[in-house]
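Architecture at a glance
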Amino acid sequence: MATTKSTNLGHRTDVTLKGTTTTIETDVVVSDTTTINNSGDDVGLKINSTSSGHIMQLQDNGTDVMVVEDGGNIGVGTNDSGNSFSLGTGQILHQKKDDHVYHVMESSHGSTAKEVAIIQQNNSTGSNSWWSGLNESDVYAVAYGTAFTGANTKMVINTTGNLGINTTSPNAPIDIE
């Protein structure tokens, strides 16, 4: 036979809990700031989710602003990232140091060069995009199309400074084909 008991607890002094506390479907309503201070050598806050739902959701007035999904993907401004780290529509990622803003992207996979590119698309480009960055090499390229390929490349700058327009292998300071 199961026993159900409902109790509201009001307490106005410090409470220390030691041991294992099991809580099922509890809403904690706080009208002020909740602070977690850790003066020990261990983790200050650990969330171990054994469910298949999101590990954590941060909300602003009921709207998700950041989600840590089951598996560890993080979404900021979206509750369905689909990637390791995703920004929702209209979100801007930048790192500011002093008076400079840096946008850093890095792609490496062993000894195989990968694409590192900024992709720009709007309603006017349809299914095409403007791509700018490194297309699996040390040559900086600008391309337009559905993929970042040599066939779609419009302009390159190689490591010697040669500029190629409509060629991926410029042989002169300015090489237009």
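I will try to describe carefully the structure that is included in this document. (Residues numbered from 1 in each chain as written. Predicted model: local features only at pLDDT ≥ 70, side-chain atom pairs only at ≥ 80, totals over all residues. Heavy atoms only, no water.)

**Comments concerning the nonpolar core**
Our working definition: Nonpolar cores were defined as sets of buried Ala, Val, Leu, Ile, Met, Phe, Trp, Tyr and Cys residues, with membership established by side-chain atoms within 4.5 Å. Relative accessible area decides the class of each residue, using a 1.4 Å probe on protein chains only: under 20% of the type maximum gives buried, over 50% gives exposed, and in between gives partly exposed. Here, two residues are considered to be in contact whenever any of their heavy atoms come within 4.5 Å of each other.
Grouped together as the largest cluster of nonpolar side chains are 7 residues: Ala117, Trp131, Val139, Ala141, Ala143, Phe148 and Val156. Those residues within four positions of Val156 in sequence are excluded, and the remaining contacts are Val139, Tyr140, Ala141, Asn162, Leu163, Gly164, Thr167, Thr168 and Pro170.

**Examining the side chain of Ser129**
The cut-off we apply is this: Think of it this way: any DSSP run of H or I at least four residues long counts as a helix, any run of E at least two long counts as a strand, and we number them from the N terminus.
Positionally, Ser129 belongs in strand β8 (residues 129-135). Residue contacts for Ser129: discarding those within four places in its chain leaves Ile119, Gln120, Gln121, Ala143, Tyr144 and Gly145.

**Section: the packing of aromatic side chains**
Where we set the bar: Within 6.5 Å between ring centres, the rings of Phe, Tyr and Trp (the latter by its six-membered ring) count as paired, and their orientation is classed by plane angle as stacked under 30 degrees, edge-to-face over 60, tilted in between.
Applying the stated criterion across every chain yields a total of 2 aromatic pairs. Plain terms: the ring middles of Trp130 and Tyr144 are 4.8 Å apart, the flat faces sit at 50° to each other, and that makes the pair tilted. One end of the pair, Trp130, is in strand β8; the other, Tyr144, is in strand β9 (residues 140-145), with 14 residues separating them in the sequence. Classification of Tyr144 as partly exposed rests on a relative accessible area of 24%. Here Trp131 and Phe148 contribute two aromatic rings whose centre-to-centre distance is 5.7 Å and whose plane-to-plane angle is 20°, an arrangement assigned as stacked. One end of the pair, Trp131, is in strand β8; the other, Phe148, is in the loop between β9 and β10 (153-157), and 17 residues separate them in sequence. Each member of the pair Trp131 and Phe148 is classed as buried.

**Section: unusual backbone geometry**
Unusually for a residue other than glycine, Asn61 sits at a positive phi of about 55°. Here Asn61 shows up in the loop between β1 (56-60) and β2 (63-68). Although it is not a glycine, Asn166 adopts a positive phi angle of roughly 60°. Position of Asn166 relative to the elements: it lies in the loop between β11 (163-165) and β12 (174-176).

**Points about the side chain of Glu69**
The cut-off we apply is this: When charges are tallied, Lys and Arg are placed among the positive residues and Asp and Glu among the negative ones, while His and the ends of the chain are skipped. Basic side-chain nitrogens of Lys or Arg form a salt bridge, by our definition, when they fall within 4 Å of a carboxyl oxygen of Asp or Glu.
With respect to the helices and strands, the residue Glu69 is situated in the loop between β2 and β3 (74-76). Lys46 provides the closest opposite charge to the buried, unpaired Glu69, separated from it by 22 Å. Contacts of Glu69, omitting those with residues within four sequence positions, involve His54, Ile55, Asn79, Asp80, Ser81 and Gly82.

**Structural notes on the pairing of β9**
To keep it simple, the criterion reads: What makes two strands pair is DSSP finding at least two bridges between them.
Across 6 bridges, β8 lies against β9 in antiparallel orientation. The residue bridging Ser129 from the neighbouring strand is Gly145, located in β9. The antiparallel hairpin formed by β8 and β9 contains 4 residues in its connecting segment, where Glu136 sits at a positive phi of about 55°. Where β9 lies against β10, 4 bridges are found, and the strand directions are antiparallel. What sits directly across from Tyr140, in β10, is Ile157.

**What to know about the sheet that holds β11**
This is how the line gets drawn: Fitted lines through C-alpha atoms serve as axes, helices being fitted only where they are in contact, and the angles separating the N-to-C directions of these axes extend from 0 to 180 degrees.
Strand order in the open sheet formed by 6 strands is β7-β8-β9-β10-β11-β12, with mixed pairing between adjacent strands. In this open sheet, the two edge strands, each paired with only one partner strand, are β7 (115-120) and β12. Sheet twist, expressed as the mean angle between neighbouring strand axes with direction ignored, is 15°.

**Brief notes about the sheet that holds β1**
Hydrogen bonds between backbone groups are what pair the strands of a sheet, and the pairing can be parallel or antiparallel. Pairing is mixed across the open sheet formed by 4 strands, whose spatial order is β1-β2-β3-β4. Since the sheet does not close on itself, it has two edges, and those belong to β1 and β4 (85-87), each with one partner. Taken pair by pair, the neighbouring strands of this sheet meet at an average axis angle of 20°, ignoring direction. Looking at chain direction, β1 and β2 are connected through 5 bridges and run antiparallel. Bridge assignment links Gln59 to a residue of β2, and that residue is Asp64.

Everything listed here is a matter of geometry and, on its own, says nothing about what the molecule does.
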